[in-house]
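Examination of the molecular architecture
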Amino acid sequence: MADCILSSLGHIDHQYSFKKVDDDFFNINKLPCLKMVAASLYIPKNNPKKPLGEDAHFIYESYQTIGVADGVGGWAKMGIDAGIYARKLMRNSLIATNNEPKGHVNPKRVLQEAYKNTSFEGSSTACIITLDKEKNTVYAANVGDSGFFLIRKGKVIYKSPIQQRGFGCPYQLGKCKDNPSVAHEMELIVEKDDILIVGTDGMLDNMNESEIEKIVRKGIDRKLKAEELVRKIGKAALYNSFNRFADTPYARAAKREGLSQTHKGGKIDDITVIVAYIN
C-alpha cells in the first residue's frame, strides 16, 4: 500500500513527516494497487500443413495487457493461411501496446493501430484486455468469438458477448468488411483474487461455464499457480473437443441451427487459453 501511495504522490515536501501529514493528503481510501499475473497455453490442432495452427496470443506483463486472436479457417479454401494474419496482428498489437501510456492502455486503440499495420492476406478475431491499476478495472475490446470470463470466488460473474453474423461466421479483422470500429468495448471493476479466463473459440466452444468454475474452484483450493491452472483448463477443453458425446456450447449451437445430425459433441480446433490472476 505504501509503495502505491508514494508512486502516486511523487515528490513530498521535506518539511513534513509521514505522521504529521494530514490523512486526506495521503488519501487513505485510495484503491489498492492490483497486478495481473498471467500464463498461457496454446494447443494447435493436428495439421501437418499448418503446424503453428491459426491462433496467436501475447502477454505483455509490464503493460498489464494480454491478447488473443484466431485466424478464420475459411481462408484455407483459397490457399491462404489465416494463422499468419493472426500472428502478425498480435505482434503488431504488442508493438501498439508498447506505444501506449503505461497504465492507461486503450485496447480499441491498440486494435486500430495493429489493424492498420497488418497487411497480410486473411482475417482474424481478436480480444485485447488490459488492467488499469489506478481505477482497478479491466478494459477490453473484442471483435468476434474469442473472449473471456471474469471469475470471483469461483463463480463466473461476467462472460464477454460474442459477435457473429451467423453460426460459424464471427466478426473479424483483416481482408473483410469489418474493422476495429465494430469492437465491443467493456470496462469491469475487478477485485483482489479475481481470475480472468481468456480464450479463442477452441476453448469457449468446448467448455461450459460450470466446467470452468469447477476447475477454477479446485485450483483455488489447491493454490495452483496461473501456469498450472491454465494447463488444467486447456487439457479439459482438448478432451471435450474430441468427445463426440460432450454437451458443449458448440454442440448446442449446432443443434439450434438444425445441424445436430451432422455435428455432435466437441469441436476440434486450435485452443488458446490465458489465465490471469488479479493479485
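It should be emphasised that the depicted structure is a prediction, and the values quoted were computed from it without experimental measurement.

Here is what the cut-offs are and how they apply
- Every chain is numbered independently, its residues counted from 1 as its sequence is written.
- Under the rules for a predicted model, residues below a pLDDT of 70 receive no local features and side-chain atom pairs below 80 are neither given nor counted, while totals for whole chains, interfaces and linings still include all residues.
- To get the side-chain values, take all heavy atoms of the structure and skip hydrogens and water.
- Strand pairing is defined by DSSP finding a minimum of two bridges between the two strands.
- The way it works is that DSSP assigns letters per residue, a run of H or I at least four long becomes a helix, a run of E at least two long becomes a strand, and they are numbered from the N terminus.
- To get an axis, fit a line to the C-alpha atoms, keeping to the stretch in contact for a helix; angles then go from 0 to 180 degrees between the N-to-C directions.
- Note on angle classes: values under 35 degrees are labelled roughly parallel, values over 145 roughly antiparallel, values of 65 to 115 roughly perpendicular, and the remainder oblique.
- Crossing chirality is assigned from the near helix's rotation relative to the far helix, an anticlockwise turn below a right angle marking it left-handed and a clockwise turn marking it right-handed.
- Contacts were defined at the residue level, with two residues in contact if any of their heavy atoms lie within 4.5 Å.
- When residues are sorted by character, Ala, Val, Leu, Ile, Met, Phe, Trp, Tyr, Cys and Pro go into the nonpolar class, Asp, Glu, Lys and Arg into the charged class, and all the rest, Gly among them, into the polar class.

**Digging into the sheet that holds strand β6 (residues 147-152)**
One open sheet holds the five strands; their spatial order is β1-β13-β12-β6-β7, and the pairing between them is antiparallel. A strand with exactly one partner marks an edge of an open sheet, and here the two such strands are β1 (36-43) and β7 (155-159). Each strand of the sheet is rotated relative to its neighbour by a mean of 20°, with strand direction disregarded. As judged from the five bridges shared by β6 and strand β12 (residues 195-199), these two strands associate in the antiparallel manner. When the bridges of β12 are listed, F149 appears paired with I197.

**Section: the packing of helix α3 (residues 82-98) against helix α4 (residues 107-116)**
Where α3 meets α4, the closest approach of the two axes is 8 Å, and the angle between their N-to-C directions is 125°. Considering the angle they form, α3 stands oblique to α4. The two elements α3 and α4 cross, and the hand of that crossing is right-handed. Facing Y85, L89, N92, S93, A96 and T97 of α3, the residues of α4 in contact are V110, L111, E113, A114 and Y115. Classifying every residue of the contact of α3 with α4 gives seven nonpolar, three polar and one charged.

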